[in-house]
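Listed below, chain by chain, are the residues.
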Amino acid sequence: MSLFANRIYSRTITSLPTLILFLVVILGLNISIIYENYDFIINFSYIIVFFWSLKKPEHLGYGLIFLAGIINDIVQSLPIGISSLDYLLLSAIGAFIRNRSIIYNLFYDWISFFIAILIVGSVNYIVLVTIFKIPIVYESLILGLFVTFLIYPLFFKIFVWIDNLVRVNQNDKKNR
Amino acid sequence: MSREMGRDDLVISARSIFLNKGNRRKFSLLTLIIVSIIILSLEYFKTGPINQFRSVTKDAVFKTSYFISLPFLSLKNAYYGVSNLLKVHEENKQLKIIDLNIEELKFENQFLKEENIRLNALIEEKTLFSDNYHLTNILLDQKSPFLRSIVINKGFKHDIKIGSAVRNGSYFIGKVVGVNYLTSRVLLISDLNSKIPVIIEPNGISAIVSGNGSKFIGDIEYLPEKNQIEEGHIVYTSGADGIISSGIPIGKITIINSEKFVKFFADFDQIKYVKVYFKK
């Protein structure tokens with residue numbers, strides 16, 4: 001591979017978490033599902049922000065998380081700033097867990113993620129319903145959060161694989 | 001002693017999380033959270049320079065989003081193109097078998113034309129918006145549980161105003177709920193918050209069509225208890241709100257488990273271009 005192509009590849013691999021987050025918010029890739037009159041949304045952006053804030057915060061800066069939230073609000077037609085607040089809260093919880101914990105495993109992360117999205121979901125609901133008077137179906141919100149929680153392990157595995165790619169890439173750089 | 005240590009640990013953790021900028025970071029978490037809250041509070045300003053800035057930012061994000069989504073859109077269009085082709089092929093096969101009576105169809109067409117004129121006269125169709133419309137493409141197609149909307153490529157620069165009717169072909173699909181300088185957001189009729197005054201023909205019964213999140217059917221509210229609505233009756237906009245012009249077809253009545261719904265004429269999955277009506 002030429003030096004230029006190598007550099008492009010290396011940049012892309014290192015920026016993958018940021019790229020994935022921005023693609024999800026810009027294209028509105030959070031999947032909306034209708035099941036027996038309940039319409040809910042799987043919030044991939046929550047998983048991305050939480051995982052990378054918990055595991056490798058150096059790959060996803062707070063400024064970028066904030067910007068992604070602003071874009072998400074514009075695309076989803078939400079009050080501008082609410083998603084940034086949600087994502088930054090998730091980052092704060094992720095960072096807190098990283099600071100306080102010694103053991104790292106999928107189960108521990110999964111439970112932490114559940115608590116984190118419940119807190120963020122509550123803040124989201126309170127702000128949207130009480131301050132902005134936006135009608136939100138509570139059951140849809142809870143169902144969406146629960147399904148997001150259920151699929152976390154799948155994304156955990158994918159992101160661990162991406163993280164390994166990044167690590168291999170960084171080791172290559174050092175050895176060169 | 002240990003409790004004090006625990007508290008100190010917690011304070012140190014909180015300080016490191018919220019105040020430390022860390023490696024290669026320009027902002028601390030606390031700064032960004034405060035900025036988010038300030039931006040959120042600016043939502044209360046609906047006019048003036050803040051609103052203009054918001055409008056320009058939204059335009060920029062919508063246009064960027066559109067260009068980034070182009071490869072994905074072409075994939076989606078290719079999928080629908082192939083499935084449509086297969087449908088047409090199948091339909092063509094069936095049409096070859098059926099012996100069409102052209103004369104009978106001509107009479108039926110004439111009858112429908114006359115009925116249309118009669119119905120238009122019945123609901124006093126206004127020609128307020130009928131000629132002034134922009135044909136525009138869709139920049140974003142947003143479907144979340146809390147919002148079924150599309151973003152179109154026309155804004156207040158093109159005389160679009162809140163409440164303007166939006167059609168796909170001849171069928172009503174929604175109305176404009178937010179206008180930026182170059183783009184506008186259209187609330188689809190299938191959205192939970194959509195309430196459109198309608199008239200059901202041929203009996204001329206007034207009601208409200210309300211979205212329920214489904215892209216195929218909508219609810220009918222405020223129907224008289226004793227009504228003679230049957231499967232297949234056509235639902236038009238009534239224009240009772242004074243904004244949307246009357247007589248735009250929305251869908252036809254379908255009865256599911258003895259409950260009446262509107263089956264939309266428009267296929268929300270395949271909308272590429274829409275007509276947005278405006279008043280000069």
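Located above this text is the structure these notes cover.
To keep things clear, this report deals only with the structure shown in the data block. Residue numbers run consecutively from 1 along every chain, following the written order of its sequence. Here the convention is simple: chains get letters from A, ligands get numbers from 1, in the order in which they are written. Two thresholds apply to this predicted model, a pLDDT of at least 70 for residue-level local features and 80 or more for giving and counting side-chain atom pairs, whereas whole-chain, interface and lining totals are computed over all residues.

### Describing the overall build of chain A
Where helices and strands are cited, they refer to DSSP runs of H or I of at least four residues and of E of at least two residues respectively, numbered from the N terminus. The number of helices and strands found in chain A is eight helices and two strands. The order of α-helices and β-strands along chain A, N terminus first, is α-α-β-β-α-α-α-α-α-α. Using C-alpha atoms as the atom set, the radius of gyration is obtained and then compared with a globule rule of 2.2 Å times the number of residues to the power 0.38. Computed over the C-alpha atoms, the radius of gyration of chain A is 17 Å, within 12% of the 16 Å expected from 2.2 N^0.38 for a compact globule of 176 residues. When its C-alpha atoms are laid out on the principal axes, chain A stretches across 55 × 35 × 30 Å. A total of 176 residues make up chain A; the buried ones form 39% of that total. Neighbour counting defines burial: a residue surrounded by 20 or more other C-beta atoms within 10 Å of its own C-beta is buried, one with 12 or fewer is exposed, and intermediate counts give partly exposed, using backbone-placed C-beta atoms.

### As for the packing of helix α5 (residues 82-100) of chain A against helix α2 (residues 29-41) of chain B
Axis lines are fitted to C-alpha atoms, over the contacting stretch for helices. Their N-to-C directions set the angle, which ranges from 0 to 180 degrees. For the pair α5(A) and α2(B), the least separation of the axes is 8 Å and the interaxial angle reads 160°. Taken together, the axes of α5(A) and α2(B) are roughly antiparallel relative to one another. The element α5(A) and its partner α2(B) pack so that their crossing is left-handed. Here A:I82, A:S84, A:L85, A:L88, A:S91 and A:A92 of α5(A) come into contact with α2(B), specifically with B:L29, B:L32, B:I33, B:S36, B:I37 and B:L40. The labels follow the angle: roughly parallel below 35 degrees, roughly antiparallel above 145, roughly perpendicular from 65 to 115, and oblique for the rest. Handedness of a crossing follows from how the near helix is turned relative to the far one, being left-handed for an anticlockwise turn of less than a right angle and right-handed for a clockwise one. Once C-beta atoms have been placed from the backbone, residue pairs whose C-beta atoms lie within 7 Å are recorded as contacts.

### As for the nonpolar core
Joined through C-beta atoms within 7 Å, a set of buried Ala, Val, Leu, Ile, Met, Phe, Trp, Tyr and Cys residues constitutes a nonpolar core. One finds A:V49, A:F50, A:L88, B:V198, B:V209 and B:I250 to be the most contacted residues of the largest nonpolar core, which totals 86 residues. Top element by residues in this core is α5(A). It accounts for ten residues. Excluding anything up to four places from it in sequence, B:I250 contacts B:Y171, B:F172, B:I189, B:V198, B:V209, B:V235, B:Y236, B:T237, B:V262, B:F264 and B:F265.

### Thoughts on the interface of chain B and chain A
Counting from both sides, the interface comprises 38 residues of chain B and, opposite them, 37 residues of chain A. For the side of chain B that touches chain A, the elements supplying multiple residues, two or more each, are α1 (2-18), α2, α3 (48-97), β1 (133-144) and β2 (147-152) of chain B. Charged means Asp, Glu, Lys or Arg here, nonpolar means Ala, Val, Leu, Ile, Met, Phe, Trp, Tyr, Cys or Pro, and polar covers whatever is left, Gly included. In the side of chain B that touches chain A, the residues fall into 16 nonpolar, 15 polar and seven charged.

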